[in-house]
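An overview of the molecular structure
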Amino acid sequence: MPVTEPASPQRPLHELAGVWRTAWQAGPWLTVAQMVTTVASGLLPATTVWLTKLVVDGLAAGRVEAAVGAGVGLAGAGLVAAVLPQLAGYLQGEQQRRMDRLMQDQLYTAVNSFQGLSRFENPRFLDRLRMATEATGPALSPLTSGLLGIGRDVITLLSLLGTLYFLSPVMTAVVVGAAVPALLAEISLARQRVGMYLGLSAAMRRQAFYSQLITDVGAAQEVRLFGLGDFFKGRLLRGLREVQDGERRLDRKVLRSQSLLALLSAVVSGLGLVWAVHSATTGRLTLGDVTAFVVAVAGIQGSLMGLVNGIASGHEALLMVGHHSAVRRLGDDLPPARRPAQLLPLRHGIEVRDVWFRYHDDHPWILRGVSLTISQGQAVALVGLNGAGKSTLVKLLCRFYDPNHGVIRWDGVDIRDLDPAQLRRRMGVLFQDFVSYDLSAAENIGVGDVDAIADRRRIEEAAGAAGIHTNLAALPRGYDTLLSRLFYLEEEKDDPDTGVVLSGGQWQRLALSRTFMRDTRDLLILDEPSAGLDAKAEHEIHQRLRTHRAGRTSLLISHRLGTVRDADVIVVLDGGLVAEQGSHDELIALDGRYAQLFRTQASGYGATAVEEIR
Ligand SMILES: Nc1ncnc2c1ncn2[C@@H]1O[C@H](COP(=O)(O)OP(=O)(O)OP(=O)(O)O)[C@@H](O)[C@H]1O
């Protein structure tokens, strides 16, 4: 589904209704209480104006009792006015927190429902996702408490306009008329602001990327060795300047239009004041009327400005919330099963038939008609040069993407007709670019089968199978030790509270243990399982894997051809096609790509090793 960028809210009323549904869900009583405080604070200014007029007129006419009564009322209104904002602030904060939780829950539920990977590689989607993550909690306040604020300003405005109309209908029309340009200008600025941030998304992404590179512990070594700090800093600042140039252009527009509008409103109130004083000298207005007029005009202009700003920021928030609901509406990125089929344990095998694949329509083909079969119980090895498409084929087998042409079948059923989550539950996969989680050792292994994350016996068995049990048991807190690269001081390095640091090879074994948590699954895929291991460890791991894979359906990818020679079938991928396949002996006898690669590698180990390997 294409990810488009709206320049204005697509369905403003629908979005607004959605926000209020969320507010109500988050706290019905909080919503009601906020409405009550809004109405009360909306009526306060007009009440104050009338009471002030009564005090002044009472005093001027010598009606002391009426003046004192109105004065007491005025004091009471002052007390309410002092307490209401605090109460409203608390209610608003609490509702924002609850809405934040709900909306984050909704957003991440939607993101977790995407079964494929392509959206995470789409910059437009990533921009939208960033906007959506920002459209929670405080960012929505213009649509919740802000909208109530608009309601309050409307009440204030109408009551003050009633007062002003009573004093001068003409002045009422002039004050209202002066607010129209302000409203239009603010809405246009809000639209431009959101458009500007969308336009600058790429620059902001680059800036975040360089900032991450400069501060990330993983990149710190190379950044220092190659002296890249200033180089990346320069690029970061260039991105920042680009973003700031856009902001400055908009700020200048804001400065121009808001200064003009402020001037217009000052002129209107000045003229009004002259008219009121003149009317008082001719006896058309009483002293109380003049006081009421001055307060009412100031109040009207204040509420009109509040209203204008409220509508403008509401408009901006609607655009943001539009991204949130757009992400939620996207649905799964893989087309739903055409003929949903029940996934049964593998009985015959997995068949890849004439599969063509490229990551994007503009990209070159990676696979150009690959066909191979992984029969049940068979150990298959996949070899090929860098970039041949081995890991890509693994991603297709896991159905992170669908082939452009061709089909992958699980016991004869097209995997597009299966539920991807169910399919993946039947697999154990060690990815080449596995994740090192900043979690405890036990959790790092347990996430391989999250239902068994507390099953210490299984976790230790998996670690044992990957040959890392002894190392993990010897950590300061054993399996509960935090494995993190986020320690702060050298002396904290081995402090279990700040985390201990594992070597690359140890992480590799840990990732292998994670895969072994799923070793009873129907298909085991191991993409370079011994990368980063020393020669002895590599030999030992492959010995273990050999026993482990025996009788199980597995696919092993390795550049070390010595480690794949025991496979039942070795498949050689070259130029996006299966160039050769067969057992080690068959391929050596064929004397093709595999034999050539094998000889090249073996020659690196010397004649004795060649003989040994043969
Ligand atoms: N997410 C992606 N988007 C676009 N192109 C990609 C992506 N992942 C891989 N490629 C491209 O696909 C090609 C095959 O990559 P792949 O990782 O499948 O190769 P490989 O055979 O596993 O290589 P290696 O032996 O180096 O691990 C490469 O040219 C790579 O640039």
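Keep in mind that what you see is a predicted model, and the values were worked out from it rather than measured. (Residues numbered from 1 in each chain as written. Predicted model: local features only at pLDDT ≥ 70, side-chain atom pairs only at ≥ 80, totals over all residues.)

**Structural notes on the environment of Gly 576**
Convention followed: Numbering of helices and strands runs from the N terminus; a helix is a DSSP stretch of H or I covering at least four residues, while a strand is a stretch of E covering at least two. Residue pairs qualify as contacts under a 7 Å threshold applied to their C-beta atoms, which are placed from the backbone.
Here Gly 576 lies in the loop between β9 (569-574) and β10 (577-582). Expressed as a C-alpha distance, the spacing of Gly 576 and Trp 365, which sit 211 residues apart in the sequence, is 7.5 Å. Excluding its chain neighbours within four sequence positions, the residues that come into contact with Gly 576 are Trp 365, Ile 366, Leu 367, Arg 368 and Gly 389.

**Remarks on the sheet that holds strand β8 (residues 554-557)**
As a reminder of what qualifies: Strands pair, by our definition, only if DSSP identifies at least two bridges between them. Axes here refer to lines fitted to C-alpha atoms; in helices the fit is confined to the stretch in contact. Angles between the N-to-C directions go from 0 to 180 degrees.
A sheet is described by the order of its strands in space; here 6 strands give the open sequence β6-β7-β8-β3-β9-β10, paired in mixed fashion. The sheet is open, and its two borders are formed by β6 (427-430) and β10, each paired with just one other strand. Strand after strand, the sheet turns through a mean of 15° between neighbouring axes, direction not considered. Across 4 bridges, the pairing between β6 and strand β7 (residues 523-527) is parallel. Looking at β7, one finds that Leu 430 is bridged to Leu 526. Along the sheet face, helix α11 (residues 390-397) touches β3 (379-383), β6, β7, β8 and β9 and points at about 150° away from the line of β7.

**Examining helix α14 (residues 456-465)**
Operational definition: Comment: burial labels come from other C-beta atoms within 10 Å of the residue's own C-beta, placed from the backbone, where a count of 20 or more is buried, 12 or fewer is exposed, and between is partly exposed. As used here, the arc belongs to the directions running from the helix axis to the C-beta atoms.
All of the buried residues in α14 are Ile 459, Ala 462, Ala 463 and Ala 465. One side of α14 holds all its buried residues, which, seen down the axis, span an arc of 160°. Of the surrounding elements, those touching the buried residues of α14 are α13 (441-446), α15 (469-473), α16 (504-516) and α17 (535-549). Gly 467 occupies a position one or two residues after α14 and carries a positive phi of about 70°.

**A few points about the site of the ligand**
In plain terms, the rule: The criterion for a residue being near a molecule or strand is simple: its C-beta atom, placed using the backbone, must lie within 6 Å of it. In the scheme used here, Gly and all other residues not listed as nonpolar or charged are polar, with Ala, Val, Leu, Ile, Met, Phe, Trp, Tyr, Cys and Pro taken as nonpolar and Asp, Glu, Lys and Arg as charged.
Taken together, 13 residues lie around the ligand, and Tyr 359, Asn 386, Lys 390, Ser 391 and Thr 392 are the ones closest in. Of the residues in the shell around the ligand, the class split is 3 nonpolar, 8 polar and 2 charged.

**What about the pairing of strand β4 (residues 405-410)?**
By the bridge criterion, 5 bridges tie strand β1 (residues 349-357) to β4 in an arrangement that is antiparallel. Bridge pairing in β4 links Ile 350 to Trp 410. Here β4 pairs with strand β5 (residues 413-414) via 2 bridges, running antiparallel. By the bridge assignment for β5, Trp 410 is matched with Val 413. If you look at the hairpin formed by β4 and β5, you'll find 2 residues sitting between the two strands, and Asp 411 has a positive phi there, around 50°.

**Quick look at the domain arrangement of the protein**
In many analyses, interface size is given as the accessible surface area lost on bringing the parts together. Threshold: Where each domain starts and ends follows an automatic or database-derived domain assignment.
Once the domains are mapped, the protein shows domain 1 (12-329) and domain 2 (343-426 + 558-614). Facing 4 residues of domain 1, the contacting portion of domain 2 comprises 4 residues.

**Looking at the sheet that holds strand β2 (residues 367-375)**
With antiparallel pairing, 4 strands are arranged side by side in an open sheet as β2-β1-β4-β5. A strand with exactly one partner marks an edge of an open sheet, and here the two such strands are β2 and β5.

**Considering unusual backbone geometry**
Trans is the common state for peptide bonds, and a negative phi is the common state for residues other than glycine. The phi angle at Asp 354 is positive, at roughly 50°, despite the residue not being glycine. For Asp 354, the location among the structural elements is in strand β1. Despite not being glycine, Arg 399 shows a phi value in the positive range, around 55°. Here Arg 399 shows up in the loop between α11 and β4. The exposure class assigned to Arg 399 is buried, which follows from the 22 C-beta atoms found within 10 Å.

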